[in-house]
Amino acid sequence: MKISGFTIIRNAVINDYPIVEAITSILPVVDEMLVSVGVSEDSTLDLIKSIPSDKIRIVESEWDMSLREGGKVLAVETDKALKQISPDSDWAFYIQGDEVVHEKYHPAILENCKKYVDNPEVEGLVFDYVHFYGTYDYVGDSRKWYRREIRIIRNEKQPQATPIAAFRDAQGFRRGREKLNVTHSGAAVYHYGWVKSPVQMKTKMKNVSRFWDEGDKHNKLLKSEDFFDYTEFDSIKKFDGSHPVVMQDRIARQNWKIELDPSKKKFRLKDALLYWFEKKTGRRLFEFRNYRFI
């Protein structure tokens, strides 16, 4: 069995993406790591080249910034990267620039990849998500945060009429409009995209919002204050687990302090009832799923 990792990245330094940690976190479970580096305004390419691993293969790409509607450019670049992994790989493991996999999950990921490698009905593996917010001490626990998404897909050896491809802004994958048949990876992804200083968070938001829109909404964001107000959340909770080893140095460098109160909830009545039901039963009613369990 062979697994290829792949990712896309652009302006990682300016936007303070933990891309080195993201890549490093899955290196132990992949046989190669394809990193597609978009032409950047900073030293992103040098940063990727500095990662000491002979598994990494770097390709460079020019992003078409005219493909803004719905984050389409992110899907286009993800598909370009997917097409460049080794054709003899059985699985393709996608990781985004602000996602990290805890080392405790490596055995389960490998076990499930091996378990289903010869079962063509399984087109992908989904991961649970832990969304950190503000600092490394809090996680979002409301319905606004997606619970699961596909991160490992089958690398189809034979050309298909409709191939597996990134869906919408590359949050997940589909075959055309058809949801993929999946099983669970037994693992979780730690999402750190909302952990930055208030100033850096707003800088990132202003920089990346153009991937989705350059109209009035984007212009309003550009004119907004230069710091993000982390108190504007609906529901968070304290994180009581451990972070991946690859994140320890970054966590130690945290140079901002935010005190948030997890006891405060800001819900409309309908959302409050749905939140209560989910916490009581573990079921999320009316959940959007970008996949189909088999």
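Residues numbered from 1 in each chain as written. Predicted model: local features only at pLDDT ≥ 70, side-chain atom pairs only at ≥ 80, totals over all residues. Heavy atoms only, no water.

Another aspect to go through is the overall build of the protein chain. Across its full length, the protein chain holds eight helices and 14 strands. The globule rule puts the C-alpha radius of gyration for 294 residues at 19 Å, and the 19 Å found for the protein chain is close to it. Along the three orthogonal principal directions, the C-alpha set of the protein chain runs to about 50 × 45 × 40 Å. Residues counted as buried form 50% of the 294 residues belonging to the protein chain. Expressed as a percentage of contacts within the protein chain between residues at least 6 apart in sequence, the contacts between residues at least 24 apart total 78%. Only carbon and sulfur atoms are counted for the fraction: they give 51% of the accessible area of the protein chain, which is about 14,700 Å². (Helix = DSSP H or I, 4+ residues; strand = E, 2+ residues; numbered from the N terminus. Rg over C-alpha atoms; globule rule 2.2 N^0.38 Å. Buried < 20%, exposed > 50% of the residue type's maximum accessible area, 1.4 Å probe, protein only. Contact = heavy atoms within 4.5 Å. Areas by Shrake-Rupley, 256 points an atom, 1.4 Å probe, with all protein chains shown as cover.)

Formed by 81 residues in total, the largest nonpolar core has its most connected members in Phe6, Ile23, Met33, Phe93, Ile109 and Phe173. Residue contributions to this core peak at seven residues, all from strand β6 (residues 124-133). Once residues lying within four places of it in the same chain are set aside, the contact partners of Ile109 are Phe93, Val101, Phe127, Ile152, Ser185 and Ala187. (Core = buried A, V, L, I, M, F, W, Y, C linked by side-chain atoms within 4.5 Å.)

Let's shift gears to helix α1 (residues 19-26). Most of α1 is tucked away: six of the eight residues are buried. For α1, the set of buried residues is Ile19, Glu21, Ala22, Ile23, Ser25 and Ile26.

Let us look at the side chain of Asn112. Within the element layout of this structure, Asn112 appears in helix α4 (residues 106-116). Within the structure, Asn112 has its side chain in polar contact with the backbone oxygen of Ser185 (distance 2.9 Å). Residue contacts for Asn112: discarding those within four places in its chain leaves Leu125, His184, Ser185 and Gly186. (Polar contact = N/O pair within 3.5 Å; in protein donor to acceptor, adjacent residues only side chain to side chain.)

Inspection of the entire model under this criterion finds 19 aromatic pairs. Relative to Tyr192, the ring of Phe132 has its centre 4.8 Å away and its plane inclined at 5°; by these criteria the two rings are stacked. Of the two residues, Phe132 sits in strand β6 while Tyr192 sits in strand β12 (residues 181-194), which places them 60 residues apart along the sequence. Note on Phe132: relative accessible area 0%, which makes it buried. Residue classification places Tyr192 among the buried positions, given a relative accessible area of 2%. Taking 5.7 Å as the distance between ring centres and 55° as the angle between the ring planes, the aromatic pair formed by Trp194 and Phe228 counts as tilted. Note that Trp194 is positioned in strand β12 and Phe228 in the loop between α6 (216-222) and β13 (236-238), a separation of 34 residues in sequence. The exposure class assigned to Phe228 is buried, which follows from its relative accessible area of 15%. Each member of the aromatic cluster is reached from another via a ring pair, and the members are Tyr133, Trp145, Trp194, Phe228, Tyr230 and Phe233. (Phe/Tyr/Trp six-rings, centres within 6.5 Å; stacked < 30°, edge-to-face > 60°.)

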